[in-house]
Amino acid sequence: MFSQNLRTVFLLACALLASCTPLPPAPAPATPAAMPAPAWQRQGVRLLHIAPDESLLTITVRRGGALARLGHDHVVASHTLQGVVAPAPGRAQFRFRLDEMTVDEASLRQAAGLTTTPSADAIAGTRHNMLVRVLEAERYPWVGIDARRTGDKQVFDADITLHGVTRTVQLPVRIEKTAGGRGLQASGSLLLKQSDFGIVPFAILGGAMAVQDQMELAFRITARQDVSAPGSIASPGR
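Residues numbered from 1 in each chain as written. Predicted model: local features only at pLDDT ≥ 70, side-chain atom pairs only at ≥ 80, totals over all residues. Heavy atoms only, no water.

## Observations concerning the overall build of the chain
Helix and strand counts for the chain come out as 3 helices and 13 strands. Across the 238 residues of the chain, 42% fall into the buried class. Restricting to contacts in the chain with at least 6 residues of sequence separation, those with at least 24 account for 67%. Total accessible area on the chain stands at roughly 12,800 Å², and carbon and sulfur atoms take up 56% of it. (Helix = DSSP H or I, 4+ residues; strand = E, 2+ residues; numbered from the N terminus. Buried < 20%, exposed > 50% of the residue type's maximum accessible area, 1.4 Å probe, protein only. Contact = heavy atoms within 4.5 Å. Areas by Shrake-Rupley, 256 points an atom, 1.4 Å probe, with all protein chains shown as cover.)

Here it is in structure tokens:
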């Protein structure tokens, strides 16, 4: 029977093996065929295009289980949002690829209030587990959001498509004009559950180390009239 010290070392080794699985070479992102734009994009309304270099979406997931103290919370981020905003009808459509997301950037961990510092190997393992074992990014590479303004100008109904499942949520949004009045900046946050999208949160050791079901999504999106349009926005999917 293991002594307490040996048992602790054993559990730590298991955790490291599970979280630091070698990351296989990532395939080059595929460019999907353009799909017809939704009706509100074809009615001559003024469109603003999302500026990826001025936009950011983050998702923070937190550790759980009896051995949570041995793990890390994580923040993943997209710097490659693409899509359009129609201010007059209060509509927006954007998407991002899962395999283009970053994992645990130091500045974003600090901004999220995360106090631990995962190693480079642990970050690579987290990325592999996220893309392959949890989100099945090869099968479901895109996350899409289609939002429409409700009677409350600060709240949108948003259809979020993730892991092949679409859920409609109420999305609080703060909207401001950019300098010069040629664009808009929208920001907000909300809580989602992985299980609502058919995702099983990552866990090892019978759940003693696990990722909590709840995840925290936050975004800051800038859309401008003078951003080059990337073409029609394809529906999320393969």
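There is more to say after this.
## Let's talk about the pattern of salt bridges
On inspection of all chains with the given rule, the structure shows 9 salt bridges. Residue Arg224 pairs with Glu54 through a salt bridge whose shortest N-O separation is 2.7 Å. Here Arg224, found in strand E13 (residues 209-224), pairs with Glu54, found in the loop between strand E1 (48-50) and strand E2 (56-64); they are 170 residues apart in sequence, far enough to count as distant. Since its relative accessible area comes to 29%, Glu54 is described here as partly exposed. (Salt bridge = Lys/Arg side-chain N within 4 Å of Asp/Glu carboxyl O.)

## Some remarks on the packing of aromatic side chains
Enumeration over the complete set of coordinates arrives at 0 aromatic pairs. In this structure, Arg95 packs its charged tip against the face of Trp142, placed 3.7 Å from the ring centre. Note that Arg97 overlies the ring of Trp142, its terminal NZ or CZ placed 5.3 Å from the centroid. (Phe/Tyr/Trp six-rings, centres within 6.5 Å; stacked < 30°, edge-to-face > 60°. Lys NZ or Arg CZ within 6 Å of the ring centre and 35° of its normal.)

## Let's talk about the confidence of the model for the chain
For the chain, per-residue confidence averages 81 on the pLDDT scale, and 77% of positions sit at 70 or higher. Here residues 1-35 scores under 50 on pLDDT; set against residues more than four positions off or in separate chains, the count is 41 contacts. Between residues 231-238, whose pLDDT stays under 50, and residues either more than four places distant or in other chains, the model counts 21 contacts. (pLDDT = per-residue confidence, 0-100.)

## As for the nonpolar core
Leu57, Ile59, Leu98 and Leu192 are the most contacted members of the largest nonpolar core, which totals 45 residues. Looking at this core, the element that brings in the most residues is E13, giving 6 residues. In this structure Leu192 touches Ile160, Val169, Phe197, Asp213, Gln214, Met215 and Leu217, once residues within four positions along its chain are discounted. (Core = buried A, V, L, I, M, F, W, Y, C linked by side-chain atoms within 4.5 Å.)

## A short note on the pairing of strand E9 (residues 165-172)
Pairing analysis gives 8 bridges linking strand E8 (residues 155-162) to E9, with the strands arranged antiparallel. Along E9, the bridge assignment pairs Ile160 with Arg167. Counting the residues in the hairpin turn of E8 and E9 gives 2 residues, including His163, whose phi is positive at 60 degrees. (Pairing = 2+ DSSP bridges.)

## What about the environment of Phe94?
Inspection of the secondary structure assignment puts Phe94 in strand E5 (residues 91-97). Residue classification places Phe94 among the buried residues on the basis of a relative accessible area of 9%. When the C-alpha atoms of Phe94 and Ile50 are compared, they prove to be 8.0 Å apart, with 44 residues separating the residues in sequence. Apart from residues lying up to four places away in sequence, Phe94 is in contact with Ile50, Leu57, Leu81, Gln82, Gly83, Val143, Gly144, Ile145 and Ile221.

## Some words on the pairing of strand E11 (residues 183-193)
The two faces of a sheet get side chains in turn, since along a regular strand they alternate between them. In terms of strand pairing, strand E10 (residues 174-177) meets E11 through 4 bridges, oriented antiparallel. Looking at the pairing, Ile175 lines up with Ala186 of E11. Here E10 folds back onto E11, and the loop between the two strands holds 5 residues, one of which, Gly180, carries a positive phi near 90 degrees. Judged from the 11 bridges that link them, E11 and E13 form a sheet pairing that is antiparallel. By the bridge assignment for E13, Leu192 is matched with Met215.

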